[in-house]
Amino acid sequence: MGRKGRRWGMLLLVLMMALTAWALFHDQSPAEILAALREVKGGYILAALGLMTAFVGAEALETRVILSRLGHRVSYLRCMSYAFTGFYVSSVTPSAAGGQPAQVYEMSRDGVPPSHGTLDMLLISVSYQVATLVYAGLSWLFLPLLRERMGGPLGLLLLYGGVVLGVLTLGMLCCLFWPAVARRVLGWVEKLLTRLGFGGKFQAEALLEEYAAGARCLRSAPLLFPALLLISLVQLSALYAVPYLVYLAFGCGELGLPIFLGTQALLTVAVSALPLPGAVGPAEGGFVTAFSPLFGAALVMPAMLVSRVVSFYGFVIISGLVFLGRCLFRRWQNVKKEDSPKGKWNKDLLHFTR
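Model, not experiment: these values are computed from the prediction.

How each quantity is defined
- Residues numbered from 1 in each chain as written.
- Predicted model: local features only at pLDDT ≥ 70, side-chain atom pairs only at ≥ 80, totals over all residues.
- Heavy atoms only, no water.
- UniProt positions renumbered as here; feature names shortened; annotations may be inferred.
- Helix = DSSP H or I, 4+ residues; strand = E, 2+ residues; numbered from the N terminus.
- Axes fitted to C-alpha atoms, helices over the stretch in contact; angles between N-to-C directions.
- Parallel < 35°, antiparallel > 145°, perpendicular 65-115°, else oblique.
- Contact = heavy atoms within 4.5 Å.
- Nonpolar A, V, L, I, M, F, W, Y, C, P; charged D, E, K, R; others polar.
- Phe/Tyr/Trp six-rings, centres within 6.5 Å; stacked < 30°, edge-to-face > 60°.
- Core = buried A, V, L, I, M, F, W, Y, C linked by side-chain atoms within 4.5 Å.
- Buried < 20%, exposed > 50% of the residue type's maximum accessible area, 1.4 Å probe, protein only.
- Salt bridge = Lys/Arg side-chain N within 4 Å of Asp/Glu carboxyl O.
- Patch = residues over 30% accessible without salt bridge, like charges linked within 9 Å, V, L, I, M, F, W, Y side chains within 5 Å.
- Areas by Shrake-Rupley, 256 points an atom, 1.4 Å probe, with all protein chains shown as cover.
- Expected span 1.5 Å × (residues − 1).
- pLDDT = per-residue confidence, 0-100.

(A) Examining the UniProt feature "transmembrane region" (unreviewed entry) in the protein more closely. Sequence positions flagged by UniProt for "transmembrane region" (unreviewed entry) are, in local numbering, residues 43-61, 82-102, 122-143, 155-181, 223-248, 255-274 and 294-324. Note that residues 43-61 is 100% helix and 0% strand, and that its end C-alpha atoms are spaced 26 Å apart. Helix makes up 80% of residues 255-274 and strand 0%. Its end C-alpha atoms lie 30 Å apart.

Rendered as structure tokens:
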């Protein structure tokens, strides 16, 4: 995504933040919210930021494992920069997958072929979505109290998100492990799109080739996908534990960690399929609805603020700074290369040939 696209995405994000703030806080007492925020214990917030760093670091670890398998020696620090880039770009674009092309582009500039970068993103996406469904399914099965609370509009969102995520995940797994079935289904989809006047915009063969490459990679390393799935489960645990540390930060401690993990897991499924940057709006409203029984009416709004600042808004700023730093460093490298004797000679030659 270019600069213009990122600017529009950032503008949309700011607009959604403003509308969400008005909808949630227009009838709230600012004094009461500020009083509650003053009681927050900073140590738990730092620990929550550490969990978010682990969340990004888990994706970096997956990238390093996959690229190593594909024959690329990429440092973990550089893989962290890819993950931060993905977090930032996906946060300021309507689609959560918007950060993947940016990551592939950054990898390609470091010498990783785009096909291998795309394969890396594919395998990470599949393992992440499978882990998300596994986490949500286990929470639904073993925490019956959650089933009673997930009603009304949030329940409808959960049903919608679960169906969309389930269909997408099943489609990905089908393309990986049952390509013949996937080819037939995608052929039907392509014919339908052609009849609707969208012919040529859906390239089934190119998509299947990407998944075929993923299948070959998994067959050559049978333990790769279980390892990625395990890392994704740990990654989600770090993300889902943030509300619990916020709970502790407000001086509460009556409830245990599992109920927070399960609530956040179901909430994530409910809002993940919405085409909004960072699910801004539904994520905040859903938090208030889902976590009110855990935090109580007096603390749920301050808790939502702290939790979302830690798990989303604060990390958008941090990842944006990392993304900016990477861009400036690369620009400095280019300037340094151009100022070298060889670079100056190449520029003079180019000027002469013109």
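(B) Representation of the packing of helix 3 (residues 42-69) against helix 12 (residues 242-249) within the structure. Orientation of helix 3 relative to helix 12, taken along the N-to-C sense of each, is 175 degrees, at an axis distance of 9 Å. Judged by the inter-axis angle, helix 3 sits roughly antiparallel to helix 12. Contacts from Y44, I45, A47, A48, L51 and M52 of helix 3 reach helix 12 at V242, L245, L248 and A249. Taken together, the residues of the contact of helix 3 with helix 12 break down into ten nonpolar, no polar and no charged.

(C) Layout of the packing of aromatic side chains. Counted by the stated rule, this structure contains 15 aromatic pairs. On the basis of an interplanar angle of 25 degrees and a centroid distance of 6.3 Å, the ring pair of Y244 and Y247 is categorised as stacked. Linking Y244 with Y247, this pair stays in helix 12, spanning three residues, or about one helical turn. Three or more aromatic residues joined by ring pairs make a cluster, and in this case those are Y244, Y247, F260, F287, F291 and F295.

(D) The arrangement of the nonpolar core in detail. Counting 96 residues, the largest nonpolar core has M52, L123, F250, F260, F291 and F295 as the members making the most contacts within it. No other element matches helix 15 (residues 300-339), which puts eleven residues into this core. Non-local contacts of F295, meaning those with residues more than four positions away in its chain, are made with P243, V246, Y247, F260, F287, V300 and A303.

(E) Highlighting the pattern of salt bridges. Considering all chains together, one arrives at four salt bridges under this definition. For the salt bridge of D110 with R326, the shortest nitrogen-to-oxygen distance reads 2.6 Å. Here D110 is found in the loop between helix 5 (99-109) and helix 6 (114-142), whereas its partner R326 is found in helix 15, with 216 residues between them in sequence. Through salt bridges with shared partners, a single ionic network connects R78, E106, D110 and R326.

(F) Up close: the side chain of S319. Considering the arrangement of structural elements, one finds S319 in helix 15. Excluding its chain neighbours within four sequence positions, the residues that come into contact with S319 are F84, F87 and Y88.

(G) Geometry of a nonpolar patch on the surface. On the surface, a cluster of nonpolar side chains totalling about 600 Å² of accessible area is made up of F177, W178, V181, V185, W188 and V189. Here the element with the most residues in the nonpolar patch is helix 9 (residues 179-195); it accounts for four residues. Following the sequence through the fold, F177 ends up in helix 8 (residues 152-177). Judged by its relative accessible area of 42%, F177 is partly exposed.

(H) Looking closely at the packing of helix 8 against helix 13 (residues 257-272). Where helix 8 meets helix 13, the closest approach of the two axes is 6 Å, and the angle between their N-to-C directions is 75 degrees. It follows that helix 8 is roughly perpendicular to helix 13 by the angle criterion. Across from L154, L157, L158, G161, G162 and L165 in helix 8, the residues of helix 13 making contact are L266, L267, V269, A270 and S272. A per-class count over the contact of helix 8 with helix 13 returns eight nonpolar, three polar and no charged.

(I) Representation of the side chain of S311 in the model. With respect to the secondary-structure elements, S311 resides in helix 15. The class for S311 is buried, based on a relative accessible area of 13%. Leaving out residues up to four positions away in the same chain, S311 has contacts with M52, F87, L239 and V242.

(J) Highlighting helix 3. When the terminal C-alpha atoms of helix 3 are compared, their 41 Å separation across 28 residues agrees well with the 40 Å that a helix rising 1.5 Å per residue should span. Note on helix 3: the residue one or two positions beyond its end, G71, has a positive phi of about 95 degrees.

(K) Representation of the confidence of the model for the protein. Residue-level pLDDT values for the protein average 83, and 81% of them are 70 or greater. Helix 16 (residues 341-353) is the least confidently modelled element of the protein, averaging 48 in pLDDT, while helix 12 averages 97, the highest of any element.

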